[in-house]
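Summary of the model geometry
Each chain, letter by letter, is given below.
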Amino acid sequence: MPGHDEVDRIVDSWLRERPDLDFAPLQVLSRVARLSKHLDRARRTAFSRSELASWEFDVLSALRRAGTPYELSPKALLQQTLVSSGTMTNRIDRLVDRDLVKRRSAPNDGRGILVGMTPAGLTRVDAAITRLVDAEAELLDTLSVTDQERLAGLLRKLSLDFD
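Residues numbered from 1 in each chain as written. Predicted model: local features only at pLDDT ≥ 70, side-chain atom pairs only at ≥ 80, totals over all residues. Heavy atoms only, no water.

Turning our eyes to something else, we now look at helix α5 (residues 85-97). Between its terminal C-alpha atoms α5 stretches 18 Å, which fits the 18 Å expected from 13 residues at 1.5 Å a residue. If you check which residues of α5 are buried, you get Met88, Arg91, Ile92 and Leu95. For α5, the arc enclosing every buried residue in end-on projection is 100 degrees, short of the 170-degree limit, so these residues lie on one face. More than 90 degrees from the buried face of α5, the exposed residues found are Gly86 and Asp97. Each element contacted by the buried residues of α5 is listed here: α3 (54-65), α4 (74-81), β2 (101-106) and β3 (109-117). Looking one or two residues beyond α5, the residue adopting positive phi is Asp99, at roughly 60 degrees. (Helix = DSSP H or I, 4+ residues; strand = E, 2+ residues; numbered from the N terminus. Expected span 1.5 Å × (residues − 1). Buried < 20%, exposed > 50% of the residue type's maximum accessible area, 1.4 Å probe, protein only. Arc of directions from axis to C-beta. Contact = heavy atoms within 4.5 Å.)

The subject of this paragraph is the domain arrangement of the protein chain. Parsing the protein chain into structural domains produces domain 1 (1-49) and domain 2 (52-133). Domain 1 and domain 2 are separated by 34 Å when their C-alpha centres are compared. Carbon and sulfur atoms make up 62% of the surface buried where domain 1 meets domain 2, a total of about 640 Å² over both sides. Run the count over domain 1 and domain 2 and you get zero salt bridges. At the junction of domain 1 and domain 2, the tally comes to two residue pairs in polar contact (both at pLDDT 80 or more). Residues belonging to the side of domain 1 that touches domain 2 are distributed by class as follows: two nonpolar, one polar and three charged. (Domains from an automatic or database assignment. Buried area = accessible area lost by both parts, 1.4 Å probe. Salt bridge = Lys/Arg side-chain N within 4 Å of Asp/Glu carboxyl O. Polar contact = N/O pair within 3.5 Å; in protein donor to acceptor, adjacent residues only side chain to side chain. Nonpolar A, V, L, I, M, F, W, Y, C, P; charged D, E, K, R; others polar.)

Another point: the nonpolar core. Within the largest apolar cluster, 24 residues are counted, with the highest numbers of intra-cluster contacts made by Leu60, Leu63 and Leu77. Looking at this core, the elements that each hand over two or more residues are α2 (24-49), α3, α4, α5, β3 and α6 (119-139). It is α3 that provides the largest number of residues to this core, a total of six residues. Those residues in contact with Leu77 that lie beyond four places of it in its chain are Val59, Ala62, Leu63, Leu72, Met88, Ile92 and Val115. (Core = buried A, V, L, I, M, F, W, Y, C linked by side-chain atoms within 4.5 Å.)

Our next topic: the pattern of salt bridges. Applying the stated rule across the entire model yields 12 salt bridges. For Glu71, the salt bridge identified is with Arg104, shortest N-O distance 2.5 Å. With Glu71 in strand β1 (residues 71-72) and Arg104 in strand β2, the pair connects residues that are 33 residues apart, well separated along the chain.

Turning next to the packing of aromatic side chains. The geometry of an aromatic ring pair is captured by the separation of the ring centres together with the interplanar angle, meaning the angle of the planes. Counted according to the given criterion, the structure contains two aromatic pairs. Between Trp14 and Phe23, the ring centres sit 6.1 Å apart and the planes meet at 20 degrees, which makes this aromatic pair stacked. Judged by relative accessible area, Trp14 falls into the partly exposed class, the value being 43%. Look at Phe23 and you get buried, because its relative accessible area is 9%. Relative to Phe57, the ring of Phe47 lies with its centre 4.2 Å away and its plane at 20 degrees, an arrangement referred to as stacked. In this pair, Phe47 is assigned in helix α2 and Phe57 in helix α3, connecting sequence segments 10 residues apart. (Phe/Tyr/Trp six-rings, centres within 6.5 Å; stacked < 30°, edge-to-face > 60°.)

In structure tokens, the structure reads:
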């Protein structure tokens, strides 16, 4: 086994103090939690270098993934970003103020609106996703492609119950 990490030390201490418990879940999920902190830091850095907050990236990336003309309804945006209607309205307002998105009437629904990305929003989200992919690749650098694929499959299997 490769060198011991902090989770090994924590679990070893717990095993010494509470040998009656099975600490196998900590072996996995404590590592996921610790890696999540590193991922959050890498994401914040990638986004801030593109002058975006994480929530701004979430909205802009949903629009970018929608494809040309990079428009979605507010309802589709809130479904993809898992926030409330009021939160999404506030986020759209703030992105409009920064000239990263614009609103327009939906052509097939006089009462509906579409949120579309501006050229400035497109430039920012494309820069942010490039930086993010580079940062995440660096985090996975010590794993072979095969190990990365295996890990992705295991994490997918675990996350299916939550999505």
